[in-house]
Amino acid sequence: MDYNDERYYQEENIDIKKFLFKILANWYWFAISLFVALTVAYLVNRYSEPVYSVSSTIIVKGDQKSRVGAERFLEGMEIVQTMNTLQDEIAILSSYKMTNMTLNRLKDFEISYVLVGRRGIKEAKLYNRSPFEVVYDTTHLQMRGYKVFIHLIDDKRYRLQINESMGVDQVMNYGEPFINDRFSFVIRLRDPENFSLAQWSSRKFYFVINDLTVLTNYYRGKLSIVENDKKGSVLTLTTTGYVAQQEVDYLNMLTRVYIERGLDDKNKMAVNTIEFIDHQLTEVVDSLRQVERTLQNFRRTNKIIDISKEGSSVFEQLEMLQNEKALLNMQMKYYDHVLSYIEEKKDFRDIIAPSVMGISDPIFTGLINRMIGLYTERSALAYSAQEFNPSLRILEQQIADGRQTLLENVGNMIKAARITQADFDDRMSEVEKEINKLPVTERELIGIQRKFEVNNNIYTYLLQKRAEAGIAKASNIEDSKVLDEARIENAHKIRPKSSLNYTVALVLGLMIPILVILLFDFFNNRIMDKKDIEENTRIPVIGSIGHNKTDSDIPVLIKPKSSIAESFRALRTNIQFMLAEPHKKVIAVSSTISGEGKTFVAMNLATIVATSNRKTLLVGIDMRKPKLHRDLNVPNDIGLSTYLIRQNSIDELVIHTEIEHLDVVTSGPVPPNPAELLETDRMEEFIETMKQRYDYIILDSPPVAIVTDAILLTKYADTTLFVVRHNYSHKNVLVFLDEIYKKQDIKNVCLLINDIKLPGYYGYGYGYGYGYGYGYGYTYSYGYGNEYYGEEEQAERGIIGRIFDFLHRKK
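Residues numbered from 1 in each chain as written. Predicted model: local features only at pLDDT ≥ 70, side-chain atom pairs only at ≥ 80, totals over all residues. Heavy atoms only, no water.

Asker: How would you sum up the overall build of the chain? Please name residues and give values.
Answerer: In terms of helices and strands, the chain carries 25 helices and 22 strands. For the chain, buried positions account for 48% of its 811 residues. In the chain, of all internal contacts separated by at least 6 residues, the share reaching a separation of at least 24 is 78%. Summing over all exposed atoms, the chain offers an accessible surface of approximately 41300 Å²; the carbon and sulfur share of this is 51%. (Helix = DSSP H or I, 4+ residues; strand = E, 2+ residues; numbered from the N terminus. Buried < 20%, exposed > 50% of the residue type's maximum accessible area, 1.4 Å probe, protein only. Contact = heavy atoms within 4.5 Å. Areas by Shrake-Rupley, 256 points an atom, 1.4 Å probe, with all protein chains shown as cover.)

Asker: Which residues make up the sheet that holds strand β9 (residues 184-189), and what values go with them?
Answerer: Spatial strand order, β4-β9-β8: 3 strands in an open sheet with antiparallel pairing. The sheet is open, and its two edges are formed by β4 (132-136) and β8 (177-179), each paired on a single side. Ignoring strand direction, the axes of neighbouring strands in this sheet form an average angle of 25°. Bridge count between β4 and β9: 5 bridges; the pairing is antiparallel. The residue of β9 that forms the bridge with Val-135 is Val-186. (Pairing = 2+ DSSP bridges. Axes fitted to C-alpha atoms, helices over the stretch in contact; angles between N-to-C directions.)

Asker: Got a sec to walk through the pattern of salt bridges? Specific residues and values, please.
Answerer: For the structure shown, the criterion picks out 16 salt bridges. Glu-489 is the partner of Arg-487 in a salt bridge, and the nearest nitrogen-oxygen pair spans 4.0 Å. Salt bridges linked by common partners bring Glu-485, Arg-487 and Glu-489 together as one network. (Salt bridge = Lys/Arg side-chain N within 4 Å of Asp/Glu carboxyl O.)

Asker: Report on the sheet that holds strand β21 (residues 719-725), specifying residues and quantitative values.
Answerer: Taken together, the 8 strands give an open sheet; going across it, the order is β15-β22-β21-β16-β20-β17-β19-β18, and neighbouring strands pair in mixed fashion. With partners counted over all chains shown, the strands left at the sheet margins are β15 (541-546) and β18 (655-656), one partner each. Its contacts with the sheet place helix α15 (residues 563-578) against β15, β16 (586-591), β20 (696-700), β21 and β22 (749-756), and it is angled at close to 165° to β15.

Asker: I'd love a proper account of the pairing of β20, names of residues and values included.
Answerer: Among the 5 residues in β20, 5 count as buried, and that is most of the element. Side chains Tyr-696, Ile-698 and Asp-700 project from β20 onto one buried face, and the interleaved Ile-697 and Leu-699 project onto a second face that is buried too. The sheet contact formed by β16 and β20 spans 4 bridges and is parallel. Following the sheet pairing, Val-586 is matched in β20 by Ile-697.

Asker: Quick one: what's the story with the packing of aromatic side chains, residue by residue and with numbers?
Answerer: Counted according to the given criterion, the structure contains 17 aromatic pairs. Consider the rings of Trp-27 and Tyr-28, whose centres lie 6.0 Å apart with planes at 80°: the pair is edge-to-face. Take Trp-27: its relative accessible area is 47%, and that puts it in the partly exposed class. When the centroid spacing of 5.5 Å and the interplanar angle of 80° are considered together, the rings of Trp-200 and Phe-205 count as edge-to-face. Residues Trp-200 and Phe-205 agree in their burial class; the two are buried. An aromatic cluster is defined as three or more aromatic residues linked by ring pairs; in this entry it consists of Phe-109, Tyr-127, Tyr-218, Tyr-219 and Tyr-250. Seen from the ring of Tyr-694, Lys-615 lies directly overhead, with NZ or CZ sitting 5.4 Å from the centre. (Phe/Tyr/Trp six-rings, centres within 6.5 Å; stacked < 30°, edge-to-face > 60°. Lys NZ or Arg CZ within 6 Å of the ring centre and 35° of its normal.)

Asker: Account for the nonpolar core, with residues named and values stated.
Answerer: Grouped together as the largest cluster of nonpolar side chains are 33 residues, with contacts concentrated most on Phe-568, Ile-587, Leu-605, Leu-618 and Leu-721. Elements supplying a minimum of two residues to this core: β15, α15, β16, α16 (598-610), β19 (662-665), β20, β21 and β22. Counting residues per element, this core draws most heavily on α16, which supplies 9 residues. The contact partners of Phe-568, leaving out residues within four places of it in the chain, are Ile-545, Val-556, Phe-600, Val-601, Asn-604, Leu-605 and Ile-608. Counting residues in hydrophobic clusters, the runner-up holds 30 residues, among them Ile-225, Leu-235, Leu-237 and Ile-259. (Core = buried A, V, L, I, M, F, W, Y, C linked by side-chain atoms within 4.5 Å.)

Asker: Describe the packing of α15 against α16, and please don't skip the residues or the numbers.
Answerer: Closest axis-to-axis distance for the α15/α16 pair is 9 Å, and the angle between their directions is 75°. As summarised for this structure, α15 and α16 are arranged roughly perpendicular, according to the angle between their axes. Contact with α15, carried on its side by Ile-564, Ala-565, Phe-568, Arg-569, Leu-571, Arg-572 and Ile-575, involves Phe-600, Val-601, Asn-604, Leu-605, Ile-608 and Val-609 of α16 and no other residues of that element. Taken together, the residues of the contact of α15 with α16 break down into 10 nonpolar, 1 polar and 2 charged. (Parallel < 35°, antiparallel > 145°, perpendicular 65-115°, else oblique. Nonpolar A, V, L, I, M, F, W, Y, C, P; charged D, E, K, R; others polar.)

Asker: How would you summarise the environment of Asn-548 if you had to cite specific residues and measurements?
Answerer: Along the polypeptide, Asn-548 turns up in the loop between β15 and α14 (555-558). Remark: the alpha-carbon pair of Asn-548 and Ser-563, spanning 15 residues in sequence, is separated by 9.7 Å. Those residues within four positions of Asn-548 in sequence are excluded, and the remaining contacts are Pro-555, Ile-564, Phe-600 and Asp-755. Looking at Asn-548, its side chain comes within polar contact range of the side chain of Thr-550, at 2.7 Å. Of the polar contacts made by the side chain of Asn-548, one reaches the backbone oxygen of Ser-552; its length is 2.8 Å. (Polar contact = N/O pair within 3.5 Å; in protein donor to acceptor, adjacent residues only side chain to side chain.)

Asker: Explain a nonpolar patch on the surface to me, using residue names and the numbers behind them.
Answerer: Side chains of Trp-27, Tyr-28, Trp-29, Ile-32, Phe-35, Val-36, Val-40 and Val-44 sit close together on the surface and give an oily, nonpolar patch of about 820 Å² of accessible area. Structurally, Trp-27 is set in helix α2 (residues 27-47). (Patch = residues over 30% accessible without salt bridge, like charges linked within 9 Å, V, L, I, M, F, W, Y side chains within 5 Å.)

Asker: Which residues make up the side chain of Thr-607, and what are the values?
Answerer: Following the sequence through the fold, Thr-607 ends up in helix α16. On the accessibility criterion, Thr-607 (1% relative accessible area) is buried. In this structure, Thr-607 is in contact with Ile-554, Val-556, Leu-557, Ile-659 and Leu-662, ignoring residues within four places of it in sequence.

Asker: Describe in detail the confidence of the model for the chain, supporting the description with residues and values.
Answerer: In the predicted model, the chain carries a mean pLDDT of 78, and the fraction of residues at 70 or more is 77%. Counting interchain partners and residues more than four positions distant, the pLDDT-below-50 stretch residues 63-83 has 47 contacts. Across residues 760-791, where pLDDT falls below 50, the model places 100 contacts with residues more than four positions away in sequence or in other chains. (pLDDT = per-residue confidence, 0-100.)

Asker: How would you explain the packing of α2 against helix α12 (residues 498-523) if you had to name every residue and give the values?
Answerer: For the pair α2 and α12, the least separation of the axes is 8 Å and the interaxial angle reads 150°. Looking at the two axes, α2 sits roughly antiparallel to α12. The handedness of the crossing between α2 and α12 comes out as right-handed. Residues Trp-29, Phe-30, Ser-33, Leu-34, Ala-37, Leu-38, Ala-41, Tyr-42, Val-44 and Asn-45 of α2 touch α12, and the partners they reach there are Ser-498, Asn-501, Tyr-502, Ala-505, Leu-506, Leu-508, Gly-509, Leu-510, Ile-512, Pro-513, Ile-514 and Ile-517. Taken together, the residues of the contact of α2 with α12 sort by class into 17 nonpolar, 5 polar and no charged. (Left-handed = near helix turned anticlockwise from the far one by under 90°.)

Asker: Please set out the environment of Gln-245 residue by residue, giving values where relevant.
Answerer: Here Gln-245 shows up in helix α7 (residues 244-302). For the pair formed by Gln-245 and Ala-491, sequence separation is 246 residues and the distance between their alpha carbons is 8.7 Å. With near-sequence residues (within four places) excluded, Gln-245 lies in contact with Tyr-127 and Ile-488. Engagement of the side chain of Gln-245 in a polar contact is seen with the side chain of Asp-249, the distance being 2.9 Å.

Asker: Could you give an account of unusual backbone geometry, naming the residues involved and the relevant values?
Answerer: For the peptide bond that leads from Arg-495 to Pro-496, omega is -10°, which places it in the cis range. Considering the arrangement of structural elements, one finds Pro-496 in the loop between β14 (492-495) and α12. The phi dihedral of Asn-727 falls on the positive side, at around 60°, and the residue is not glycine. By the secondary structure assignment, Asn-727 is in the loop between β21 and α23 (731-743).

Asker: So, the side chain of Thr-236: which residues are in play, and what are the values?
Answerer: With respect to the helices and strands, the residue Thr-236 is situated in strand β12 (residues 234-241). When its relative accessible area of 16% is taken as the criterion, Thr-236 is described as buried. Look past the residues within four positions of Thr-236 in its chain and what remains in contact with it is Ser-55, Ser-56, Thr-57, Ser-224, Ile-225, Val-226 and Asn-228.

Asker: Run through α2, naming residues and quoting values.
Answerer: Along its 21 residues, α2 runs 30 Å from first to last C-alpha, staying within 8% of the 30 Å computed at 1.5 Å per residue. Listing the buried residues of α2 in full gives Phe-30, Ser-33, Ala-37, Ala-41 and Asn-45. Mapping the buried residues of α2 onto a view down its axis gives an arc of 100°, with all of them on the same face. Structurally, α2 contributes buried residues whose contacts are with α1 (16-25) and α12. (Expected span 1.5 Å × (residues − 1). Arc of directions from axis to C-beta.)

Spelled out as C-alpha cells, the structure:
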C-alpha cells in the first residue's frame, strides 16, 4: 500500500452532518441552557427598574449678524457681542456650574424617594409621587446619601428605621419631628385627604437626602448633547433616568437656566452703565438743585431777569467751555473706573463702553474690546477646562499682557486729558477777564447762571444716556431658544428591552452549548468518529461493537437478538472472508492499552463463532494480567503457562464450557518470564495441535503498547484484530498502530471499534462499510443500515432516534 497516496492526507474541513448529530445527541444541554438563559432574561425584565430617555432641542445663535439688542440703541454696546462657538455652548451646558445652578432651582431633587418591593428585590424611584414628603431642617446637620426607611402603618402613624450604627426603630406620627445628632426632619403626608395604603404594592419606602455635589456630577455624567446639523446650531439634549417626569423637569430647567444666563450676560453692560450714570446723576442733581435755588434767590433779590447783550455773548463762550470741561471731567472719572478694573482684575465683560462717555479713541476702544473678548473666551473655556489646562494658562497670560497694555494706554489718555483740562482753564481765564469788565450785579448773575447751565446740560446728557441704556436692556432678547422642550409623552423606555433580552437569551442559550461542544471536540484527543481513524491510520476497520447495556460479559449469549449480537455476527462474517483459506484459523485479539475491551471482544466473538456450529477455542494469552478466567468463572490453576513449562499436557489445559462447540484454555498462573515462554517451541506446538482440533482459535492477547507479548504472537495469528474503544482510546494509539502496520510486522491487521454509544457517535453506526480494505462489498450498519433492531433498542427509540433514522435515510 502506498502511504504517499494523496487520499491519506485529507484536508481539514467542517463536517456539517457530524456537527448536527452532536447537537441532536446533546439536545438536553440545549434545553437546559435555553431554560436558564430565558429564566435569567425573564428575571431581568421582571425585576429591573425601567430606565427612560427624554430629549429637548435648542437653537444656539453663534453669530450676531442681525442684532436688535442693546447696540441698536446705545452706541458702543456692540463690543460685547462676541461670537461663541457651538462647542463652547456645549461645554457651558454640560458644565458643573450650569448643572449646579439648575439643581439648586429644583427643590424636588433634594430628596430621593424609593418604593421597596414586597420581596425586597425590586425598587422603584418615586420622585415627587411618594405618599409622604420629608421636610428637613436646613440649619441642622443632615447625613447625606444615607437610607432612612419608612414603613407606612396607617394615615396617622409610620415606622421609622435607620439601620447600622444608629439603630433607630420607632413608631412615629406624621408631622412629629425627629431629631438626633445626624438628622432633623419631619415626615408629612402629601395628600392626607386622599391617602390610601391600597394603592401601594408595598408599604416599605426609604428616602435619601442627596449630596448636591454628588448629584451634580451624576447629572453631568449622564447628559448627552449632540449637534443635529454640523453646519447649523441646533443641539439635542438627552438624559436618562428611572423617573421620566424627573428627567423632563431637569432638562426644561437646564435650558431655562442656560437661556437666562445668556440674557444676563447680554444685560450686564447695560446694567453697569445705568448704575454708573445713576451715581453721576446723584451728584449732579444735588448741585443742580442748589444752584437753581441760588439763581432764583439772586434774581428775586436784585430784580434782574436776564443779562445784557454783551454779557450774553461772554456767557455763551464761558458756557461752551464749561460744558466741554464737564464732559472731560466725566471722561476722567471713566478712566478711573477702567483703572479700578485693571488693578482689581475685574471681569471686563461688565465694563461700561467708552462711547457712552463720549470717548471715541480707536486704540483705546480696541483695547477694551480685546479685553472683553479674552474674558468671554476664558469664561467659556473655564466651564470645561481644568485649572492647569494649557489653553487656559495661555489665555490667562494673554489677559495679563492685555491688562498691562491697557494700563499704559489709560495712563497716556489721562495725561492727554489733563493737558486739555489745563487748556480749558487758560481759555476760561481769558473769558473771565471779559466778565470782570461787566457790572458787579450782572457779573454775579453770569457766574450763577453759568453753574446752573453746566449742571443742567450734564444732567440732560446723563438722563439721555440712562434712557438709552434702559431701552438697550429692555430690548435685549435671548440668543438661544427652545425648539422642542422635554415632554413626558415623548419619553421612551430604553431599559430593560424585553424583546432584545429574550433574543439575546435565546442566542446565548443556543451558542453556549455549541461553543462548549466545539471546545470539547477541539481539545478532545479521544477517538470519536470515523474521521479520527481515517486521518491517523490506513488500517482497515473490520467492524464495530455497540455499548453493552446488559450486566453480562457475554451479551451475545443471553440476548442473541440484540443489536450487539448482530454486530458480532457481522464481525464473524467479515473474518470468514479474511480467513477464506482452510489453513487460516488463528485470530489474535489485542489492543494498545488495558481497558479497551479486547477480552470482552474475544469472549463474545468466540461465543458467536461457536454458535455457528464451528469448533472454537478461546485461549488466554495474557499471562501478565489474566482476566479471562474471572469473566468465564473457570479455574486458572492450570493453563497455558503450566503447559509451556511442561507441567501439564494439552488435554489437561482444555476446559469445556456450557456453550456448545466452545472450549477455553486459560493463561494459568502468572509466570516470571511470559515473553520467553511464548518464544519456545512448546508454544508453536500448542498452536499447531489446536489447529488440527478446532475450526477457529481466538487468542486473547496482551496489549501491544504495554508489553511485547502480542508482537511475539503475530507469527502464529492469521489475522489480528486491534480493539480501540470509542471515546476512550486516544488518537495516538492509531498513530502507534499505523507504524506497526506500515512496517508489516503483523499480518492481516484490522481495527475493531468497541463500545460505541449511539446517538452520540457519528459515522460507524450509519451505513459505514467495514470491508472497504478488502473489496468484499459487505456493509454492516449498527442497528440501522439493515433495519435490524433488538427488542430493547426498539423499545428505547423516541423522537431523537426517529430524527437519526430520517437523516440516515437521506444520506
